[in-house]
Each structure stands twice: as structure tokens, then as C-alpha cells.
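Fold and geometry: a report
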Amino acid sequence: MDAVTRIQQIGMPRRNNELWTFFPVAKIPNVLSADGDCRVANAPRNDKQESLDFSKENDFAALLPLAKNARTMVKAIPEGANEMAMLKCNDDFGHTVLDIGKGAHVSLEILDNKVQHEIVAERFDISVGEGADVEIFFANPASALPLRFRHFRITQAANSTVRFSNILTDSGIGRISMDCDLNGEGASFDYRSLSILDNTASMHQRLTIRHNAPNTVSTQLARNLLSGSAYASYDGMVIVGEKCTKVNSGQLVNTILLSENASVSVKPVLKIYHDDVECTHGNTVGELDAEQMFYLVSRGIPKEAAKKMLMASFAKETFYPLPETPAKKRLLQTLSV
Amino acid sequence: MLSIKDLKASIEDGTQILKGINLEVKPGEVHAIMGPNGSGKSTLSKVIAGHPAYKVDGGSVELDGKNLLEMEINERANSGLFISTQYPTEIPGVNNVEFLKMALNSKRAYLGLPEIGDEEFKKFCEEKMQLLEMDERYRERGVNDGMSGGEKKRNEILQMAILDPKVSFLDETDSGLDIDALRIVANGINHIMSPEKAVILVTHYQRLLDYIKPTYVHVLRHGKIILSGGPELALKLEEQGYDWIEE
């Protein structure tokens, strides 16, 4: 089933759909309207899309780039390769397929496309081979795009490692969605996200991590620094399958609200079908630590400078546990500016 | 130098902790404040520093004729006041050296002096670290992050050495220190001390006063200084406790 047909089946996102609970769905242009539908239906298909079956895809954002006839970029990284790459989409809608071979070491930075249209949507399908070590990251400058979707579908083979890290500073409405399948024993997935939002920015993250094999590990850390009337949401689901013993999964969301009108919604969902697992989730919301502020100011540092130091420390801590790789360097450099 | 007159302060629920503190500290003096737990010693240091958890109900605190209570917290520090609290706050993610440099440059800016550069600060900091026998690990760590009680206290004295305050109020700096660390910290304080400066030490034990000779010893109880004397008072307190003192 192609993406257009599937969108027509599931309809436009609504707040009563659990994938879109916190998202301002009214801001999404209706691609099923007469005009939108016409553009979608008449769009020529490209060959790569024809081979994909979307009958089980439920996330509108995952379907939209393909329904809008995104060009598909396919890249295979050979077994054992050591590769650093940058990905950049030149159109409003993009689709990237990455096939990472066994034992490869890959560092992948995703750059922003330069288009400034009403809506931008990208989809990444990433297959990670056995024992591969992959880092995917983006820390783009603040974008003024009104509406942006980025969807990732990651499947991991045994003993593979994926570290996914990002800094989100968009001033419009954004959504990162992620479906990660840990299919091989010993696979591990690490997600780290920092949202620094101001004014009316609205950033939403929706993750589903499926532990489909024993001894798999997933960690999620999302941190938000919210000013003005900014709004962030985090909807993270972890599913542990029936025969998946010794799974370890942790989810933590930390938010600092820097103004009275800033807000955050967090929804952890754990579906665990095995007893011998360790799964945790936590959520903290607060202001900057008053004792830490006092300590810095009591050493003569002006209040505004102390506030910036604490915000920077909160932000940088998100990425300190990462290994010393290009991703960590780039993310911390971005925060030092 | 530091003049505290009839200082009264309370906490949020209205309980008055300081009930009229009077203390005159002159240049070159070391004052030791002793007293039972809960008598208001730590509160005194925090009120002088401007901690927002306390409300000043009356009195004044002047440093060289300027009323500290009318100043912002950072201005008090930049005017020459240094407060070391009993439990130094941990700030993971804020690098210790960057913090020290920022604090020093804030003071220099307040005094109208140019910023100190990286190289000059590095040398300056190294010199002070050697004084306190601190190793390089302190540079890389977050402020007090993951440090033992003794390491934190040493880090506090490093800050004191770098900021070079006129008056230092050190709240139980000796707690958590082993014998060697106590000697090193006390030597550091003595080294920093000069005839133009003053130190107020809060302590429960004579052992710190064996290293840092006090000019005066005061007993603080129920929010008031109820007895003052010379160094011999500390020895008597060590022997007999506080029960013999009539308020």
C-alpha cells in the first residue's frame, strides 16, 4: 500500500489519536482537502517508493514526505566501513534510506534544508547491521520554519549501538517522531534531546521503542529549557516483548520552566510483557535551582550571568555521557556559542 | 570594618532566628563564633550574604560604612564579603575553573578593573591551588560536584584565596576535614589573612582554633551573642560545654 492511500485510510491527525495527543493538529494543512488530495494523487511516484508497503504505518508524519512525492536518497554503508557523513535534504519533503552494514562505524549529521515553506517533512529509514556502531545527530541553528516533521524508523540487529542526539531550537512548530526496533540480542539505543525554546515555539517528540530481543538496552533523556510561551511535549513508549529477558530501559524528562507561560506535557508509556526486565521512567519540572543561583551570585556573579551559567550546565549535561566522538564535540560546541 | 548592629531575622513562617546580633569586627581580627546546634550561627552567615530564605526584621550590617543589607547579593560579595556555608552547593556542569574566573572577573568589573586573561588566571589559580595542596583534578570538575566533604571545604578556601575578600565568614569550615586537611586548610586561611582583612569562624571545636588563633570568641545562643571573651573562652567551652553560661 502506498503512502497516499494509507493517509486517506487513517485520515488527518486528530488530538484523540494517541500519536498526536499534545500536538496542535489544527496547524497542519489538510492534505486530504480537494486541493491537497489532488496534488498528492497526481504526483508521479518514484521507483523507490513503489516498493515500500505502508499498510501498517500509523503515523501521518511518517507518510507525509512520501505522499508528497519526496525524492528518496538510498545509501548503503558497507560492512566494516568507517564513515562520517552529512545529510541534507534540498526539498520540502525528503526521504533517506540508509543501510548500514555489519560492524560499520558511522557518524551521521543531519543538516537543515534551506527551504522556507509552509511545511517541511523528512523521513529516515535506517537499518543497522549486526555489531555496527552508529551516531546520528543534529544541532542546527534556530529555524523559523512554521511547521516541520522529522520521522525516523530505525531497526537494529544484534549487538548494534545507535546513539541519537539532537538540539532543538526551532521557533515554529516541530515534531520528531521515532520508531526504533531492537531486533537483535544485545542491541542498544540511546536517545538524547535538548529543546531550548522561546516565544511561541512548540516542539513535540513521540518515540516508540520496541525491545524485540533479549538483553537489549534503551535510554531516553530529554531536557527542556522553556521561556516565553513555549510548549514542549514528550510522548515516549517502550514495549518489551514476551521473550525479551534482561531488557534494560530508562526514560527521563527534565524540564526547567523559565517563565510562567511556558509549559510541558510528558507521557511515559510502558508495555512490558516479560517479568525479568528493568524499566524506569521519570519526569521533573521546576525552575532553576535556587540554592545553585544563590551560590553563584554570592560569589559576585551577576544574576543574569549566573542564570546563563546554570542554563548552560543543564543543557551540556544532556550530552556529557556520550563518548568522545564528533557528535559530542559538535553538540557541546553548539552550546558553547 | 564589619559592623553588625541589633540584627534580627526570621524565616518564611515568621519564626525569628536572629534576635538582635551585635558584632564589631576590625581589620586584622579573627572572631570565632561558637554555640550549640540551632543557635543561629549558620543563619547569621546566610542573612549577611542575602540568602532569599531569610527576612531581615531589623538592624544593620555595614562593611566599611556601606549597608550590606541594601545591596544585591553579588554586590555584597564584590564589596569584599565572602561567605562559606556549612554545606557547599554542588553545581554539576559548571566547570570549577570557569566559575572561579567568572567570579574573579565579576569582582574586577565591579571594581572597575580589566578582565583577567586566561593565561594570567591559570598562573594565579595554580599558585593558590598549590597553597592548598590541591591537584589538577579540581580544574576539570564541576563546582563541588562529587567532591567529598573535605574537598568541598578546600575548594571553598580556594575561592576565598582567589577572590581575596576583606571579610570572610567561614561556617564550620573544619567539619569533614581529616587531620592533614585541617592543617592545610587552616594554613591556607592564615596565609590569606592579613592586617587589612578579617575572618569570622564558626566552629564547634577548639582544634581549628589551635591553628587559627582567634582574637575574640563569642557564644551565640537562641539568636543572640550571650558571651564574648578571648581565646581562653574556647578552651573553657571545650571543657565545660555551654550549660554553665547564664543568658
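Up top you'll find the structure we're talking about.
Below or above, wherever it landed, is the structure these notes cover. (Residues numbered from 1 in each chain as written. Chains lettered and ligands numbered in written order. Predicted model: local features only at pLDDT ≥ 70, side-chain atom pairs only at ≥ 80, totals over all residues. Heavy atoms only, no water.)

1. As for the overall build of chain B
Along its length, chain B carries nine helices and 12 strands. By the compact-globule yardstick of 18 Å for 247 residues, chain B fits well, its C-alpha radius of gyration being 18 Å. Across the 247 residues in chain B, those meeting the buried criterion constitute 56%. Counted over contacts in chain B with a minimum sequence separation of 6, partners at least 24 positions apart contribute 68%. Accessible surface for chain B amounts to roughly 10900 Å². Of this, 48% is attributable to carbon and sulfur atoms. (Helix = DSSP H or I, 4+ residues; strand = E, 2+ residues; numbered from the N terminus. Rg over C-alpha atoms; globule rule 2.2 N^0.38 Å. Buried < 20%, exposed > 50% of the residue type's maximum accessible area, 1.4 Å probe, protein only. Contact = heavy atoms within 4.5 Å. Areas by Shrake-Rupley, 256 points an atom, 1.4 Å probe, with all protein chains shown as cover.)

2. What about the packing of helix 5 (residues 290-297) of chain A against helix 6 (residues 303-317) of chain A?
The packing of two helices is summarised by the inter-axis angle and the distance between the axes. Residues and elements named next belong to chain A. Across the interface, helix 5 lies against helix 6 with an axial gap of 9 Å and an inter-helix angle of 130°. As far as their axial angle goes, helix 6 and helix 5 are oblique. At the point where helix 5 passes helix 6, the crossing takes the right-handed sense. Contacts from Gln292, Met293, Leu296 and Val297 in helix 5 reach Lys303, Ala306, Lys307, Met309 and Leu310 in helix 6. Counted by class, the contact of helix 5 with helix 6 contains six nonpolar, one polar and two charged residues. (Axes fitted to C-alpha atoms, helices over the stretch in contact; angles between N-to-C directions. Parallel < 35°, antiparallel > 145°, perpendicular 65-115°, else oblique. Left-handed = near helix turned anticlockwise from the far one by under 90°. Nonpolar A, V, L, I, M, F, W, Y, C, P; charged D, E, K, R; others polar.)

3. A look at the sheet that holds strand 11 (residues 216-221) of chain B
Backbone-to-backbone hydrogen bonds pair the strands of a sheet. The strands run either parallel or antiparallel. Residues and elements named next belong to chain B. Pairing within the open sheet is mixed, and its six strands lie in the order 6-9-10-3-11-12. The open sheet terminates on both sides in strands that have one partner only, identified here as strand 6 (81-84) and strand 12 (224-229). Each neighbouring strand pair of the sheet contributes to a mean axis angle of 20°, computed without reference to strand direction. On top of the sheet, helix 6 (residues 149-163) reaches strand 6, strand 9 (167-171) and strand 10 (198-202); it is set at about 175° to strand 6, its chief contact. (Pairing = 2+ DSSP bridges.)

4. Quick word on the packing of aromatic side chains
Counted by the stated rule, this structure contains 12 aromatic pairs over all chains. Consider the rings of Phe60(A) and Phe149(A), whose centres lie 6.4 Å apart with planes at 85°: the pair is edge-to-face. Of this pair, Phe60(A) sits in helix 4 (residues 60-67) while Phe149(A) sits in strand 7 (residues 147-156), and the two are 89 residues apart along the sequence. The pair formed by Phe60(A) and Phe149(A) is uniform in burial state, with each residue classed as buried. Consider the rings of Tyr191(A) and Tyr234(A), whose centres lie 6.5 Å apart with planes at 50°: the pair is tilted. Here Tyr234(A) lies in strand 13 (residues 231-240) and Tyr191(A) lies in strand 10 (residues 188-197), a separation of 43 residues in the sequence. Tyr234(A) shares its class with Tyr191(A); the two are buried. A connected cluster of aromatic rings, assembled from ring pairs, spans Phe124(A), Phe138(A), Phe152(A), Phe164(A), Tyr191(A) and Tyr234(A). Residue placement shows Arg299(A) over the ring face of Tyr295(A); its charged tip is 4.7 Å from the ring centre. One Lys or Arg, Lys236(B), reaches over the ring of Trp244(B) and ends 3.9 Å from the middle of that ring. (Phe/Tyr/Trp six-rings, centres within 6.5 Å; stacked < 30°, edge-to-face > 60°. Lys NZ or Arg CZ within 6 Å of the ring centre and 35° of its normal.)

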